[in-house]
Amino acid sequence: MSAEMDALTVVNQLRDLAADPLNRRAIVEDQGCLPGLILFLDHPNPQVVYSALLAVRYLAECRANREKMKGELGMMLSLQNVMQKQTSPGETKLLSSEIYEILQSADKEEAEQAEAAAASCKRKAHFFLGSNNKRAKTVVLHIDGLDDPTRRSLCEEALLKIRGVISFTFQMAVKRCVVRIRSELKAEALGTAINSTKVMKAQQVLKTDDGGELMVPFKEDAAVLVEENTDIPDYLPEEESPSQDQAKAVTRVGSITDGVGWLSTAANFLTRSFYW
């Protein structure tokens, strides 16, 4: 890895690593990465802060991480500072508030419960599902035409125009996008925005009572007015999801040792470079 890594490069790499459930325990246990993410929360660049929050939110998905994250020096105070800072964009404040509530409500668990939670984190990605924050919800979209990076860029641009979108994660291998939105925003707004590209068409993926999936098309005449988003920093495009495209993964599924090596490099950079 180049010695000329800047803060944005490092935080983007940490975010991508944290998106893979196999890496979440290693990142939190690393001596440099979690403190580094906390320092990123006070960075003057709003893109760096937002990407750091996404990384922390991924890490908090693993229940076994929450007690250590809550007790890490500066974590809760930095989250409060982001929420209270007048210059923080609205979506950044909401994401910070959501993480704060999750960590604040973390209960002490018996060792066997923590181990079970850690194993669960390694089995599958949650992608922000099951949030404790009632002001936000998750919508899963299946997008016909989501075939390549160019189409994904079009999809990103469409979603970023919607006021109320907090974050999104692509699963290119299965043509899906998991979108975190404010509770008052209708899923139809996402469908309208994506369908407006004229080259992609979205359907909502719903869970059935028997645990299966049901794809529900958005009605052609159900287009809703999309309020344009103006107060969020430029979204930070992700590389291909590590769990879906191993050839482009920062650390491949099942190769924790490779990821830890990168974490060590990043930790050294964090130690040398934080001076703001």
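Residues numbered from 1 in each chain as written. Predicted model: local features only at pLDDT ≥ 70, side-chain atom pairs only at ≥ 80, totals over all residues. Heavy atoms only, no water.

(A) Region of the structure containing the environment of K207. Tracing the backbone through its elements, the reader meets K207 in strand 4 (residues 201–207). In this structure K207 comes out as exposed when scored by relative accessible area, which is 65%. Taking C-alpha positions, K207 is 9.9 Å from V140, a pair spaced 67 residues apart along the chain. With near-sequence residues (within four places) excluded, K207 lies in contact with G212 and E213. (Helix = DSSP H or I, 4+ residues; strand = E, 2+ residues; numbered from the N terminus. Buried < 20%, exposed > 50% of the residue type's maximum accessible area, 1.4 Å probe, protein only. Contact = heavy atoms within 4.5 Å.)

(B) The arrangement of the side chain of T197 in detail. Its location among the elements puts T197 in the loop between helix 10 (187–195) and strand 4. Of the polar contacts made by the side chain of T197, one reaches the backbone nitrogen of M200; its length is 3.3 Å. In this structure, T197 is in contact with L154 and A158, ignoring residues within four places of it in sequence. (Polar contact = N/O pair within 3.5 Å; in protein donor to acceptor, adjacent residues only side chain to side chain.)

(C) Region of interest: the sheet that holds strand 3 (residues 176–182). Reading across from one edge, 2-3-1-4-5 is the order of the five strands in this open sheet, with antiparallel pairing throughout. Two strands in the sheet have a free side with no partner beyond their single neighbour: strand 2 (165–171) and strand 5 (213–217). Pairwise comparison of adjacent strand axes, ignoring direction, gives a mean angle of 30° for this sheet. Bridging between strand 1 (residues 136–144) and strand 3 involves seven bridges; their strand directions are antiparallel. The residue of strand 3 that forms the bridge with V139 is V179. Of the strands in this sheet, strand 1, strand 2 and strand 3 are in contact with helix 9 (residues 149–160), which crosses strand 2 at around 165°. (Pairing = 2+ DSSP bridges. Axes fitted to C-alpha atoms, helices over the stretch in contact; angles between N-to-C directions.)

(D) Local environment of the pairing of strand 3. Summarising burial for strand 3: six of the seven residues are buried, a large majority. Across six bridges, strand 2 lies against strand 3 in antiparallel orientation. Bridged to F168 within strand 3 is V179. What sits between the antiparallel neighbours strand 2 and strand 3 is a turn of four residues, in which K175 has the positive phi angle 60°.

(E) Representation of unusual backbone geometry in the model. Phi is positive for K175, close to 60°, though the residue is something other than glycine. Positive phi is not limited to glycine here, since K198 has a value of about 70°.

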